[in-house]
Amino acid sequence: MTTLSIRNMVCRHCIEAVRRILERLEIPDGDVTLGSVTLPAPLSATQTGQLHEALHADGFELITDPEEILTERVRHAVMHHVRDENECRLNLSACIEQQVGQPYDTVSRIFSRREGRTIEAYTAAQRIERVKELLDYGELTLGEIAFRTGYSSTAHLSRRFKELTGMTPSAYRAARSNLRLPLPEA
C-alpha cells in the first residue's frame with residue numbers, strides 16, 4: 001500500500017475531481033479521502049510525474065515533505081473538528097492526536113513552525129469561517145450558530161467574531177444580505 005498526500009482537497013467535490021484524475025491516468029483502485037489517496041502499489045516515476053501535473057492543473061498539489069504532510073493532516077483534522085457538531089465539543093488536542101496519530105505537542109511544534117501560527121489560532125480562524133458560512137445561509141439564529149460551532153454563548157461568539165473580523169456577526173450578516181439580489185420575476 002502507498003499513501004500519497006494531496007494539498008487543497010477541502011470537500012467531497014475535490015475527492016471526485018481526484019478520482020477522475022486517477023481514472024484518466026489509468027491509475028487503478030485508488031481509495032481517495034480528503035487530503036490523500038491510498039494505492040495498492042507504488043507508482044512509477046512516470047506515473048508520479050503525470051499525477052503531479054494533472055493534480056496541479058486542477059489546483060491540487062502532491063505533497064512529499066513529511067512535515068508538510070503532517071501539517072496538511074492537522075489542517076484536515078481541524079476542519080473536521082470545526083465542522084462536526086459533536087467533535088467541536090471535544091478537546092481539540094485529543095481530537096488532533098486521534099486523527100493524526102501523533103502526540104499533540106510534537107504536532108503543534110511542527111505546525112507552528114510550518115504555518116507561522118499555532119493550531120489554536122488556525123482553529124479559531126476556521127471556526128469563524130464556519131460561522132460566516134452559517135450566517136450567509138441566513139437560516140439559523142446567532143444562538144443556534146454559537147451552539148453548532150462550539151461557542152459557550154452568543155456573547156462569546158460575538159466577541160471572538162469581532163476580534164477576528166473587525167465587525168459584529170449582525171453587521172456581517174447585514175452587509176452580506178445587501179450583496180444578495182433577488183431573482184428577477186418571470
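Comments concerning the packing of aromatic side chains
One pass over the structure, following the stated rule, counts 2 aromatic pairs. A ring pair is formed by Phe161 and Tyr172, whose centres lie 5.6 Å apart and whose planes are at 70°; its orientation type is edge-to-face. Highlighted residues: Phe161 in helix α8 (residues 154-165) and Tyr172 in helix α9 (residues 169-179), separated in sequence by 11 residues. Accessibility classification places Phe161 together with Tyr172 in one group, the buried group. Here the basic side chain of Arg127 rests over the ring of Tyr151, its NZ or CZ set 3.8 Å away from the ring centre.

Observations regarding helix α5 (residues 104-115)
Taking 1.5 Å per residue, 12 residues should reach 16 Å; α5 reaches 16 Å between its end C-alpha atoms and fits that length. Here α5 has its buried residues at Tyr104, Val107, Ser108, Ile110 and Phe111. Against the buried residues of α5 lie α3 (66-83), α4 (92-100) and α6 (119-137). Where α5 ends, the next residue or the one after it, Gly116, has phi of about 80°, a positive value.

Definitions and cut-offs
Residues numbered from 1 in each chain as written. Predicted model: local features only at pLDDT ≥ 70, side-chain atom pairs only at ≥ 80, totals over all residues. Heavy atoms only, no water. Phe/Tyr/Trp six-rings, centres within 6.5 Å; stacked < 30°, edge-to-face > 60°. Helix = DSSP H or I, 4+ residues; strand = E, 2+ residues; numbered from the N terminus. Buried < 20%, exposed > 50% of the residue type's maximum accessible area, 1.4 Å probe, protein only. Lys NZ or Arg CZ within 6 Å of the ring centre and 35° of its normal. Expected span 1.5 Å × (residues − 1). Contact = heavy atoms within 4.5 Å.

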